[in-house]
Amino acid sequence: MARTRLHPQTGEGKALLGILLLLVLEMVALAVAPVRDRPLVAGILLGAGMAGLLLLAATLHSHRRARRRPPANTPGDWYSADALEGFPMEAVRPQLLGQDAPSLNHLYTAWIMATHGHSAQWISHHLDLPPATARLLVDAAQPYQRHTTRPTQSPD
């Protein structure tokens, strides 16, 4: 049986404890320093504290920006079972049997591009597929289009 913690430990909590420990050590260092060296020790500790604050601000800023950024699509998301739903396997099977036949993965990629709104001309040009195969995939993908990109008329 797994135990659940009432107060899970987080990286932020550990960082806060580390900062508090450093503050205590700085106070101890300042207290035990000889009187004539205290201004120098205080200056060094002040500089170290400012560097720590700048590092903390930069870390918080990067975390805030990362939370606002949309998650990146990973290749696994593109080739999931949902993404390949509706793939016209029976219609493309004859193209897989020819001498210069594209691979099935190549056709899957073309299918994904078709479901994302790319034109047959674009797919044919960029994925080096015969225009008839690209047209077949684009026509079959119309009911399954997920994210439409701007229509591409030119091959580039």
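Our subject is the structure that appears above.
Notes on the structure in this doc start here. (Residues numbered from 1 in each chain as written. Predicted model: local features only at pLDDT ≥ 70, side-chain atom pairs only at ≥ 80, totals over all residues. Heavy atoms only, no water.)

## Re a nonpolar patch on the surface
- On the surface, a cluster of nonpolar side chains totalling about 950 Å² of accessible area is made up of L16, L17, I19, L20, L23, L46, M50, L53, L56 and L60.
- Going through the elements one at a time, α1 (11-32) and α2 (38-68) are the ones with two or more residues in the nonpolar patch.
- Relative to the helices and strands, L20 resides in helix α1. (Patch = residues over 30% accessible without salt bridge, like charges linked within 9 Å, V, L, I, M, F, W, Y side chains within 5 Å. Areas by Shrake-Rupley, 256 points an atom, 1.4 Å probe, with all protein chains shown as cover. Salt bridge = Lys/Arg side-chain N within 4 Å of Asp/Glu carboxyl O. Helix = DSSP H or I, 4+ residues; strand = E, 2+ residues; numbered from the N terminus.)

## Describing the packing of aromatic side chains
- Per the counting criterion, the structure on display carries three aromatic pairs.
- Centroid distance F87 to Y108: 4.9 Å. Interplanar angle 75°. Geometry classified as edge-to-face. With F87 in the loop between α3 (75-78) and α4 (89-96) and Y108 in helix α5 (residues 104-115), the pair connects residues that are 21 residues apart, well separated along the chain.
- Classification of Y108 as buried rests on a relative accessible area of 19%.
- Summarising the aromatic geometry, the rings of W111 and Y144 are spaced 5.9 Å apart at their centres and angled 55° between planes, so their arrangement reads as tilted. In this pair, W111 sits in helix α5 while Y144 sits in the segment after α7 (131-141), placing the two residues 33 residues apart along the sequence.
- For W111, a relative accessible area of 0% corresponds to the buried category.
- A relative accessible area of 30% places Y144 in the partly exposed class.
- Feature note: the residues F87, Y108, W111 and Y144 constitute an aromatic cluster, connected by ring pairs. (Phe/Tyr/Trp six-rings, centres within 6.5 Å; stacked < 30°, edge-to-face > 60°. Buried < 20%, exposed > 50% of the residue type's maximum accessible area, 1.4 Å probe, protein only.)

## Quick look at the packing of α1 against α2
- Across the interface, α1 lies against α2 with an axial gap of 9 Å and an inter-helix angle of 165°. As judged from the angle between their axes, α1 and α2 are roughly antiparallel. Handedness of the α1/α2 crossing: right-handed. Two secondary-structure elements touch here, α1 through E26, A29, L30 and A31 and α2 through R38, V41, A42 and L45.
- Residue classes in the contact of α1 with α2 are distributed as six nonpolar, no polar and two charged. (Axes fitted to C-alpha atoms, helices over the stretch in contact; angles between N-to-C directions. Parallel < 35°, antiparallel > 145°, perpendicular 65-115°, else oblique. Left-handed = near helix turned anticlockwise from the far one by under 90°. Contact = heavy atoms within 4.5 Å. Nonpolar A, V, L, I, M, F, W, Y, C, P; charged D, E, K, R; others polar.)

## Thoughts on the environment of I112
- Of note, I112 is situated in helix α5.
- The exposure class assigned to I112 is buried, which follows from its relative accessible area of 0%.
- Along the sequence, I112 and A83 sit 29 residues apart, while their C-alpha atoms lie 6.9 Å from each other.

## Quick word on a positive patch on the surface
- A surface patch of positive charge is lined by R64, R65, R67 and R68.
- Structurally, R65 is set in helix α2.
- Given a relative accessible area of 48%, R65 falls into the partly exposed group. (Lys, Arg positive; Asp, Glu negative; His and termini not counted. Charge placed at Lys NZ, Arg CZ, Asp CG, Glu CD.)

## Brief notes about helix α6 (residues 120-127)
- All of the buried residues along α6 are A120, W122, I123, S124 and L127.
- Positive phi appears at D128, one or two residues downstream of α6, with a value of about 55°.

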